Amino acid sequence: MKLSIMLKSFLFLLFIINQTLAQFQDWESITNMNDITDTAILNNTVWAVSNGGAFSYNIQTTEIRKWTNTNGLQSIKLQSVVVDKHEHVIFGGKDGFIQDYTPVTNEWTNLTFEGVDVNDLYIKDDTLWVATENKGLPGKTIATFVRKNGQYEFNDFFVNFPDLISSINEIAIFNKRVWLATDIGLLSAPSDFTTVTLSDPQNWVLYTTADGLPHQNILSLSVFEEKLWLGTNNGLAYVSNENSIENNGLFTGAEITHIGYDEDNLLVANGSQIFSYSPSSGLQNTSIYSKNITSLSVDSNNSIWSGHTKGGIFNKENNISITLEGPLENHVRFIIRDDNDRIWASSGKFKLTPTQGYYLYNEGIWTNYTYSGASWNKLGNTNYIHQDRFKNVWLATWGGGIAVFNGQSYNYFHNHQHSGTQIATTKDTIIHNPISPISTDYQGFFSHVGDPTIDYEVITAFTEGPNGRLWIVNSYASNGNYIVSAPYNSNGQLDLSPEKWAYFGIADRISLDEGGISSIAFDDFGYLWIGTNGDGIYILNHNNTLFNKGDDELFRFQSSNSALTSDKISSLAKDNDGIMWIGTEGGIHSYDGLNLFRHFGENGPANDVISQVVTDEFNNKWIATSGGLTILKGGFSAFETGAWTTYTTENSGLISNTVYSVFVDKKNSETLIGTEHGISIFRGSFSEIQDNYNNVQAGPNPFIIGDKNTPFIIKKLKENSIVKILDINGNLIRQLTTKNKQVEGSRATWNGKDNNGNSVSSGIYLFLAFTEDGKSVAGKIAVVRK
């Protein structure tokens, strides 16, 4: 096909797309890395691991680098870190992940087990010892890797011990023997596994309190001054060169969680204290910290670095405290971003009521808001967050009523009086912000649960109705008013005139025999859909007469009278075609006005346990499941092949397959995803669909066709774009569309081949992206064929 002269001229007059783009990075992970599980020091760098990933701190340059699943780590749930004499850093964690990292070359080697968790790592010469916990099997095990040809190779797995062990806390090599700190005592066997069968129980010796241990639960091990020191639940002991237990009564009654050493002293951690002890001169000094100690390391200057529970790492000698920005917890069950680019997140969800409050990200800083004193603590059970059209942010709490932020200050809706609050940041500074008792203007709108003397209002959802009112779910309201409809005033705040508030519930025959209301949504007819936690779905038609119950109509879907697979409804969402999407604990359903369908298998989401369904402006359905994130593409029927796309930890940068919440941020062309292990930010094809072609990016340029087969990607396109690849003379080389699966969401992908499947020659090519409305964009591609 030839382009007209006019179209050729048009192509060259258009702006040239950015020519320097390399491979696109679609995923980012945001976690809390301050809950330290272990530390190690290599040269002048402190390495710290946590249940949110790893970070390093260069003592000389003060540079901090972070590692998550999107830049090297296979797992962010890390338990142990060690360094070897070859200047490698080795990480161990949940799900059997062991990774060998070379900082000089930035290379990763995976030494992964399947079906186990890694609890501890220990390096001796060129042998890596690993304490593991088998999933689904009794007892605990150890494994060994031996370094050969520059990398660690799996050697053996040892599974038999003299007795059943619930936990192996640490490993050490001392006196040519391997020693295991366990919950049943101290286990030991010859460390030469080439001549001794460690899977033979007869080769192991178990030391208990009968042998002189101060307690059978051994928590920590460290070799110092030709002794193996043992930290137990009842003080300190050591193993001598004769392999006998010596208990000198040190720290009797104290739980010794970690042991380390500097040039001259043994370092003993008990809770938030570090004791410096020399066998020759006894206790030297004591350091007290604000958080419990989880690890001890000593640098080349004989300076102590300690890891802490939710406190990062600390060097007391130089008063260096390292805590990283992040949400307070990695369990993020609800998340939104407001119009001012603030992220609001919480660890609460329907029927899940932790007291950590909510986390607010604003201008690079995470702040955790918690409440305490005089029933304010119930505000810590934040489980749903909504921004209305007036930019007020509404916080639904389980037991604490409502908090609403109007952009400058908070208002609180409660049934009774409250006073006093605390606000804590992730860096653990406490800001006391006393609040005067709530005005009676904000009381009495919601009902408590059960006993009227108990100040406990459960709010579980918000939505804005077609009449412009705010609809609020007051689950388990003792007066039966489960749904509240409130008007706004001219200032964009709720009108506090009680006579203008409407209520629905028992008076409308909405019965909650099994559970409360988890979600609400309006359909195209103005009917209110009400999802319950065990009673199926109610559909309420109030006929635009909020205060006249006489003309109300009520319909109901249950598993007993419809195709619903579960009466536990988790989420409701209407799409742009008027179809209602229903998330349940037994799968996802759609209702087109006549039929109720269930979607599963190849034409369904990743998992049947649905947490949330969100429809974006382009009619993509985003489905949060316990098996990953699924997208039903807006331009496809749910029953069409290729309509469903699923992202998991196996095929993407998603941080956890347990996905709770999704927020599609069209303004920033990204999607925020709340998961069990932190926040994932997705900047892929379905997050970047644009209203115009002003932000199109394409690359890599030059596009090298060779062994790696890296495709040429055109991103940030309009919805339903068609892309033509043309040679410099305007001849059609390839057409990319959604139907041939070369265009998906906002992205077109070209593999460098023509319509006959042949790789094109080196040279300059053109792309033309356009939609049926006549809008278009073009750019050049410099192709180099190897």
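All of the points below concern the structure found in this document.

Quick notes on the rules
Residues numbered from 1 in each chain as written. Predicted model: local features only at pLDDT ≥ 70, side-chain atom pairs only at ≥ 80, totals over all residues. Heavy atoms only, no water. Phe/Tyr/Trp six-rings, centres within 6.5 Å; stacked < 30°, edge-to-face > 60°. Helix = DSSP H or I, 4+ residues; strand = E, 2+ residues; numbered from the N terminus. Buried < 20%, exposed > 50% of the residue type's maximum accessible area, 1.4 Å probe, protein only. Pairing = 2+ DSSP bridges. Axes fitted to C-alpha atoms, helices over the stretch in contact; angles between N-to-C directions. Salt bridge = Lys/Arg side-chain N within 4 Å of Asp/Glu carboxyl O. Contact = heavy atoms within 4.5 Å.

**Looking at the packing of aromatic side chains**
For the structure on display, the rule yields 53 aromatic pairs. With 6.0 Å between their ring centres and 65° between their planes, W47 and Y101 make a pair best called edge-to-face. Here W47 is found in strand β3 (residues 45-50), whereas its partner Y101 is found in strand β8 (residues 98-102), with 54 residues between them in sequence. Classification of W47 by relative accessible area gives buried; the value is 4%. An aromatic cluster of at least three residues, connected via ring pairs, comprises F334, Y384, W394, F413, Y442, F445, F446, F462 and W501.

**A look at the pairing of strand β34 (residues 382-387)**
Along β34, five of the six residues are buried, which leaves the element largely enclosed by surrounding structure. The antiparallel pairing of β34 with strand β35 (residues 393-399) creates a hairpin that spans five residues between the two strands, and K391 there sits at a positive phi of about 75°.

**Section: the sheet that holds strand β16 (residues 185-190)**
What the four strands build is an open sheet, ordered β14-β15-β16-β17; its pairing is antiparallel. Lying at the two open borders of the sheet, with one neighbouring strand each, are β14 (168-174) and β17 (205-207). If you compare each strand with its neighbour and ignore which way they point, the axes differ by 20° on average. For β16 and β17, the ladder comprises three bridges, and the chain directions are antiparallel. Note on β17: the bridge partner recorded for L187 is L206.

**Looking at unusual backbone geometry**
For the bond running from G699 to P700, omega is 5°, close enough to zero to count as cis. Within the fold, P700 resides in the loop between β59 (697-699) and β60 (703-705). The residue after N701, namely P702, is reached through a cis peptide bond having omega 10°. With respect to the element layout, P702 can be found in the loop between β59 and β60. The phi torsion at E363 lies on the positive side, around 55°, for a residue other than glycine. If you trace the backbone, E363 turns up in the loop between β32 (358-362) and β33 (365-369).

**A short note on the pairing of strand β50 (residues 587-591)**
The element β50 is extensively covered by neighbouring structure, given that five of its five residues are classed as buried. Along β50, one buried face is formed by G587, H589 and Y591 and the opposite face, lined by I588 and S590, is buried too. Sheet topology note: the strand β49 (residues 580-584)/β50 ladder contains five bridges and is antiparallel. When the bridges of β50 are listed, T584 appears paired with G587. If you look at the hairpin formed by β49 and β50, you'll find two residues sitting between the two strands. Across four bridges, β50 lies against strand β51 (residues 596-599) in antiparallel orientation.

**Description of the pattern of salt bridges**
A full pass over the atoms with the stated rule returns 23 salt bridges. When the shortest N-O distance is used, the salt bridge between R389 and E464 registers 2.8 Å. Here R389 is found in the loop between β34 and β35, whereas its partner E464 is found in strand β40 (residues 457-464), with 75 residues between them in sequence. What makes E464 partly exposed here is its relative accessible area of 22%. Among the ionic pairs, K715 bridges to E688, the shortest N-O distance being 3.6 Å.

**So, the environment of A269**
With respect to the helices, strands and loops of the structure, A269 is situated in strand β23 (residues 266-270). With 23 residues separating them in the primary sequence, A269 and N292 have C-alpha atoms 8.9 Å apart. In this structure, A269 is in contact with E255, I256, T257, H258, I274, I293 and L296, ignoring residues within four places of it in sequence.

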